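Next come the chains, spelled out residue by residue.
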Amino acid sequence: MIRLKMAIGRELDERGITKPAEIGAALGMPPAKATGLLNRKQWREGAVEQLEAAAARLGLRVSEPASDGWPG
């Protein structure tokens, strides 16, 4: 999941998307939720699915599911 989070962050940076409102728009969620998801140290239920949806929205290909080996 950390790899997925890093890939999303890198993609946003490459696109010049750095402000919370821009991040929220790019990920299709409210700015506070989007930035919280990317900055969170402790994961909440549903975080994996949200990250996978964000990656798909950005057109990122995930080579393996982010949830593999991560406690549900």
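What counts as what
- Residues numbered from 1 in each chain as written.
- Predicted model: local features only at pLDDT ≥ 70, side-chain atom pairs only at ≥ 80, totals over all residues.
- Heavy atoms only, no water.
- Axes fitted to C-alpha atoms, helices over the stretch in contact; angles between N-to-C directions.
- Helix = DSSP H or I, 4+ residues; strand = E, 2+ residues; numbered from the N terminus.
- Parallel < 35°, antiparallel > 145°, perpendicular 65-115°, else oblique.
- Contact = heavy atoms within 4.5 Å.
- Nonpolar A, V, L, I, M, F, W, Y, C, P; charged D, E, K, R; others polar.
- Buried < 20%, exposed > 50% of the residue type's maximum accessible area, 1.4 Å probe, protein only.
- Lys, Arg positive; Asp, Glu negative; His and termini not counted.
- Salt bridge = Lys/Arg side-chain N within 4 Å of Asp/Glu carboxyl O.
- Core = buried A, V, L, I, M, F, W, Y, C linked by side-chain atoms within 4.5 Å.

Engineer: Could you give me a rundown of the packing of helix H3 (residues 31-39) against helix H4 (residues 47-58), with the residues and numbers involved?
Structural biologist: Put simply, H3 and H4 touch, their axes get as near as 11 Å, and they point 110° apart. Between H3 and H4, the angle falls in the class roughly perpendicular. Residue-level contacts link Lys33, Leu37 and Leu38 of H3 to Ala47, Gln50 and Leu51 of H4.

Engineer: Give me the lowdown on the packing of helix H2 (residues 20-27) against H3, citing residues and values where you can.
Structural biologist: Look at H2 against H3: their axes get within 7 Å of each other, and the N-to-C directions meet at 90°. On the basis of the axis angle, H2 is roughly perpendicular to H3. Note on element contacts: H3 touches H2 through Pro31, Ala34, Thr35 and Leu38, opposite Pro20, Ala21, Ile23, Gly24 and Leu27. Within the contact of H2 with H3, the residues separate by chemical class into seven nonpolar, two polar and no charged.

Engineer: Tell me about the side chain of lysine 5, and please be specific about residues and values.
Structural biologist: Mapping lysine 5 onto the fold places it in helix H1 (residues 2-14). Despite being buried, lysine 5 has no salt bridge partner; aspartate 13 is the closest side chain of opposite charge, sitting 12 Å away.

Engineer: Explain the nonpolar core to me, using residue names and the numbers behind them.
Structural biologist: Ranked by size, the top nonpolar core spans 19 residues in total, and within it Ile8, Leu12, Ile23, Leu27, Leu38 and Leu51 carry the most contacts. Of all elements in the fold, only H1, H2, H3 and H4 reach the threshold of two or more residues within this core. Looking at which element gives the most residues to this core, the answer is H4, with six residues.

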